[in-house]
Amino acid sequence: MNDPWVALRRFTRARIALGRAGHALPTGALLDFQLAHAEARDAVHSPWDIEAFAAEVRDLGAAPLVLETPVGSRGEYLRRPDLGRTITGGSRDRLRDAAAGAFDVALIVTNGLSSTAVERHGIPLLGAIVAGCRSRGLRLAPVSLVANGRVALLDEIGSALAARVAAIVVGERPGLSAADSLGIYLTYEPRPGKTDADRNCISNIRPPDGLGYEAAAAKLLYLAGEAMRRGISGVALKDGHGELPA
């Protein structure tokens, strides 16, 4: 039988036109589903080797600053999202010590809901962002590394560093077609109390199947530049960057 759905599979990673064996899925399709489910669970529950990541940040020529949230485990991170939106008292002390200069950009990295994404794509993406900041003459604060964080951390950390804009690179919630996707959120004049409406988002950073590192960095730096030039971010700031490289 000529199934027209089969031809559509080349356009999407969604599970369509899987076929059937009697009343069930074919064995291959079932095993693929179980593998994707296991990869998604691993992405959420795996810890992040933050010290090894910090060493790689140093290799980029950037200064890492390791901070902590009050979260005690990945299980608690899932049960208590509020704990991932703030840092510990000791981390605030380290931030105060680091806030000695005037910064344009505060960059934060957290594993979020996918340690796999940060381990796989975090350093190449950071390399593109750091290089872009340098080429534009932007003053980059120490790169804050925070395990088990949520997006709202960018406001507390960016405010403590008195940065003009703050951006957080975060592991996105894994799905059954992608367990290794990164997102970036950006806010102008970060401070506690900002909402999602004040943030710009760049998502699905996971080459070769999603947005590439250079393209994501270019989009972020365009938005950061426009935010600082116009004094706005979020829904008030539209992405007019145009066509981006893959």
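That block above? That's the structure.
In this report, we go over the structure that sits alongside the text. Note that this is a predicted model, so its numbers are computed, not measured.

Our next topic: a negative patch on the surface. On the surface, Asp49, Glu51, Glu56, Asp59 and Glu119 cluster together into a patch of negative charge. Sorting elements by how many residues they give to the negative patch places helix α3 (residues 50-59) first, with three residues.

With that out of the way, let us pick up the environment of Ile205. Of note, Ile205 is situated in strand β6 (residues 199-205). Note on Ile205: relative accessible area 0%, which makes it buried. Taking the C-alpha atoms as reference points, Ile205 and Ala99, 106 residues apart in sequence, are found 30 Å from one another. Those residues in contact with Ile205 that lie beyond four places of it in its chain are His121, Leu125, Asp180, Ser181, Leu182, Ile184, Leu211, Gly212, Tyr213 and Ala216.

The subject of this paragraph is a nonpolar patch on the surface. Residues Trp5, Leu8 and Phe11 make up a contiguous nonpolar surface patch of roughly 370 Å² in combined accessible area. On the secondary structure map, Phe11 appears in the loop between α1 (4-8) and α2 (27-45).

Spatially, β1-β3-β2-β4-β5-β6 is the arrangement adopted by the six strands of the open sheet, whose pairing is mixed. Two strands close off the open sheet at either side, each with one partner strand: β1 (64-67) and β6. Going across the sheet, the axis of each strand differs from the next one's by a mean of 20 degrees, ignoring polarity. Note that strand β5 (residues 182-188) and β6 share five bridges and pair antiparallel. When the bridges of β6 are listed, Thr187 appears paired with Arg199. Relative to the sheet, helix α5 (residues 89-98) contacts β1 and β3 (143-146), its axis offset from that of β1 by approximately 160 degrees. Where helix α6 (residues 115-135) meets the sheet, its contacts fall on β2 (105-110), β3, β4 (165-171), β5 and β6, and the angle it forms with β5 comes to roughly 45 degrees.

Conventions used here
Residues numbered from 1 in each chain as written. Predicted model: local features only at pLDDT ≥ 70, side-chain atom pairs only at ≥ 80, totals over all residues. Heavy atoms only, no water. Patch = residues over 30% accessible without salt bridge, like charges linked within 9 Å, V, L, I, M, F, W, Y side chains within 5 Å. Areas by Shrake-Rupley, 256 points an atom, 1.4 Å probe, with all protein chains shown as cover. Salt bridge = Lys/Arg side-chain N within 4 Å of Asp/Glu carboxyl O. Lys, Arg positive; Asp, Glu negative; His and termini not counted. Charge placed at Lys NZ, Arg CZ, Asp CG, Glu CD. Helix = DSSP H or I, 4+ residues; strand = E, 2+ residues; numbered from the N terminus. Buried < 20%, exposed > 50% of the residue type's maximum accessible area, 1.4 Å probe, protein only. Contact = heavy atoms within 4.5 Å. Pairing = 2+ DSSP bridges. Axes fitted to C-alpha atoms, helices over the stretch in contact; angles between N-to-C directions.

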